[in-house]
Amino acid sequence: RLKFPISLWPSMLVILRLLMLDRLNYQDKEEVVLWMNTVGPYHNRQETYKYFSLPFCVGSKKSISHYHETLGEALQGVELEFSGLDIKFKDDVMPATYCEIDLDKEKRDAFVYAIKNHYWYQMYIDDLPIWGIVGEADENGEDYYLWTYKKLEIGFNGNRIVDVNLTSEGKVKLVPNTKIQMSYSVKWKKSDVKFEDRFDKYLDPSFFQHRIHWFSIFNSFMMVIFLVGLVSMILMRTLRKDYARYSKEEEMDDMDRDLGDEYGWKQVHGDVFRPSSHPLIFSSLIGSGCQIFAVSLIVIIVAMIEDLYTERGSMLSTAIFVYAATSPVNGYFGGSLYARQGGRRWIKQMFIGAFLIPAMVCGTAFFINFIAIYYHASRAIPFGTMVAVCCICFFVILPLNLVGTILGRNLSGQPNFPCRVNAVPRPIPEKKWFMEPAVIVCLGGILPFGSIFIEMYFIFTSFWAYKIYYVYGFMMLVLVILCIVTVCVTIVCTYFLLNAEDYRWQWTSFLSAASTAIYVYMYSFYYYFFKTKMYGLFQTSFYFGYMAVFSTALGIMCGAIGYMGTSAFVRKIYTNVKID
């Protein structure tokens, strides 16, 4: 196979895909490689180690070196090592010994520890994953047995492999200072499975297309219709009354207007377009949220078109590539917003916007990486991969972000507000406790979280358990529902806030939508303690570290969506009133 430097992976992705498709065609008697990947506890899916970190022996066939084909492989801890087994296409192998383990006390203790913790291992034949268990204990937990015989049944259709099954047999008791022979056999059989459908056996339609899943989508969709209708009705009736009252006030003379009750959202027209506090951070968050939304949308569409789950690390590689390619979106929205708010340190804003999400993700990953290195886990990120990620950040993301920032500042960076901003800020009157921004922020994320609550369970299960997520059509519907619910909720929250003559709507609209992340992270605690059997420092830090990253990214995306929708609403209502 051709070997490409990992730093050139984006440009080689298409070529590599074509090479792999060609490699999946075999001639009779051609060598078929059995790759040994990782081994680890069943209940801690992310805690994986090299297969030969356990004292397994290797076959006599000459070793073949493996390299990480994509960046996603390296980041996900794929550690393929040649098994040394002699397997040829359509050539049956009768039961044969391929190596022998000299079981001393140290090796026995390693196997016993693995069996106690329910260690499973993973292998690959022609990119098809195979799982097997290391061994088992007796009912009393006193004697431990190792499975020593791998019985492989490989299905072929034409000149392609379409199915692989592993049966573990040959249970041998672990006794110190003995020799254990490892054996295997290969049986080839013709199959009617099409090559395009060979991954269907790994999917679980009964789980992902359960009635509960369909009902949750339908329930969320009905909630969207109800919420949109309710918001439209309330706001249209209320705003119509407000416009009528303000038009009547326009006909009053100055004395009557001064003696009348002045309240409502119109009274803050001179402050509603005032720049938000901390505009540099705010605009960077909005730009990053818009980019995350663009990445989510594109990756879901690509996953619906291409079966990304059929290739190791392809989903992660695609997400990284799309994130780097959509960096101009971040620069455009963040840079234009910062310019409209009168920001002058646009270079600093560009750097913060470009590195906000990468710094958060890389910081968490590198912290967990220290724990992975301590555990000698395969999840430890190689130094070359770290360099490749840094190169992508500095030589791809940053320049594209600069292009987007320049375009945003020049095309939509001029403030064109429908109302003039007063020189002196208007004092904010006292209001009831439930109209305070802090209360609105806390309550704003409940409905958006409720719309994605069920889908979170399926996504969590696919990532933290042994399920392959493939229903990306459902995910697209949930994303659309989440956007609509988020915009509706933030518009209502902002209207109530402005009606209380509080013009601090920018951060409130962002944070009320972003608070969805708090509920998602709280749910992750429930999922960890009641839906999984994870344990240990490595798995716990991995779980809560990356769940914090996921929740924060989701919150930034929801916050940006809420702000963008609310900004359009605020501009619309203040455009339609006559202001002296």
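As the structure is a computational prediction, the values presented were derived from the model and not from experiment. (Residues numbered from 1 in each chain as written. Predicted model: local features only at pLDDT ≥ 70, side-chain atom pairs only at ≥ 80, totals over all residues. Heavy atoms only, no water.)

Enquirer: What is the right way to look at the environment of Tyr470 in this model?
Expert: The topology assignment puts Tyr470 in the loop between helix 13 (446-464) and helix 14 (472-499). Separated by 262 residues in the primary sequence, Tyr470 and Phe208 have C-alpha atoms spaced 8.3 Å apart. Not counting residues within four places of it along the chain, the set of residues in contact with Tyr470 comprises Leu203, Asp204, Pro205, Phe208, Gln209 and Tyr309. (Helix = DSSP H or I, 4+ residues; strand = E, 2+ residues; numbered from the N terminus. Contact = heavy atoms within 4.5 Å.)

Enquirer: It is not clear to me how the pattern of salt bridges should be interpreted in this structure. Could you clarify?
Expert: Summed over the entire model, instances satisfying the criterion amount to 19 salt bridges. Here Lys29 makes a salt bridge to Asp91, at a shortest N to O gap of 3.5 Å. Here Asp91 lies in the loop between strand 3 (81-82) and strand 4 (93-103) and Lys29 lies in the loop between helix 1 (9-23) and strand 1 (34-41), a separation of 62 residues in the sequence. Taking relative accessible area as the criterion, Asp91 reaches 24% and is therefore assigned partly exposed. Taking the shortest distance from any N to any O, the salt bridge between Arg426 and Glu501 comes out at 2.8 Å. Taken together, the positions of Arg426 in the loop between helix 11 (383-412) and helix 12 (437-444) and Glu501 in the loop between helix 14 and helix 15 (505-514) put the pair 75 residues apart, joining distant regions of the chain. (Salt bridge = Lys/Arg side-chain N within 4 Å of Asp/Glu carboxyl O. Buried < 20%, exposed > 50% of the residue type's maximum accessible area, 1.4 Å probe, protein only.)

Enquirer: What exactly am I supposed to notice about the environment of Pro418 here?
Expert: Residue position: Pro418 is located in the loop between helix 11 and helix 12. Sequence separation between Pro418 and Ile573 is 155 residues; the distance between their C-alpha atoms is 9.7 Å. Beyond its immediate sequence surroundings of up to four residues, Pro418 is in contact with Phe273, Arg571, Tyr574 and Thr575.

Enquirer: So what exactly am I meant to see when it comes to the state of the cysteines here?
Expert: A disulfide bridge is the covalent bond that connects two cysteines by way of their sulfur atoms. All told, the structure shown has one disulfide when counted by the stated rule. Note that Cys57 is cross-linked by a disulfide to Cys99, the S-S spacing being 1.7 Å. The sign of the S-S torsion, about 60°, decides the handedness of the disulfide formed by Cys57 and Cys99: right-handed. Taken together, the residues span a long stretch of sequence, with Cys57 in the loop between strand 2 (49-50) and helix 2 (71-75) and Cys99 in strand 4 at a distance of 42 residues. With a relative accessible area of 11%, Cys99 lands in the buried category. Cysteine Cys362 is unpaired, with the sulfur of Cys393 as its nearest cysteine sulfur at 5.0 Å. With no disulfide of its own, Cys391 lies 7.1 Å from the sulfur of Cys390, the closest cysteine sulfur. (Disulfide = S-S within 2.5 Å.)

Enquirer: Would you mind going over a nonpolar patch on the surface with me for this structure?
Expert: Among the surface-exposed residues, Phe215, Phe218, Phe221, Met222 and Ile225 lie close enough to one another that they form a single nonpolar patch of about 530 Å² accessible area. Its place among the elements puts Phe218 in helix 5 (residues 211-250). (Patch = residues over 30% accessible without salt bridge, like charges linked within 9 Å, V, L, I, M, F, W, Y side chains within 5 Å. Areas by Shrake-Rupley, 256 points an atom, 1.4 Å probe, with all protein chains shown as cover.)

Enquirer: What's the story with the domain arrangement of the protein chain in this structure? I'm lost.
Expert: By a frequent convention, interface size equals the accessible area lost on bringing the separate parts together. On domain assignment, one finds that the protein chain holds domain 1 (23-195), domain 2 (203-243 + 432-579) and domain 3 (275-415). Distance from the C-alpha centre of domain 1 to the C-alpha centre of domain 3: 39 Å. Each side of the interface is counted separately: domain 1 has 22 residues, and domain 3 has 16 residues. Approximately 1,600 Å² of surface area, both sides summed, lies buried where domain 1 meets domain 3, with 56% of it carried by carbon and sulfur atoms. In terms of surface lost to domain 3, no three residues of domain 1 exceed Leu71, Leu75 and Gln76, which account for 35% of the buried area on that side. Viewed at the interface, domain 3 and domain 1 are joined by two salt bridges. The salt bridge involving Arg312 is made with Asp127; its shortest N-O contact spans 2.9 Å. Scanning the region where domain 1 abuts domain 3 turns up eight residue pairs in polar contact (both at pLDDT 80 or more). Of all the secondary structure elements, the ones that give two or more residues to the side of domain 1 that touches domain 3 are strand 2 and helix 2. Top element by residues in the side of domain 1 that touches domain 3 is helix 2. It accounts for five residues. (Domains from an automatic or database assignment. Buried area = accessible area lost by both parts, 1.4 Å probe. Polar contact = N/O pair within 3.5 Å; in protein donor to acceptor, adjacent residues only side chain to side chain.)

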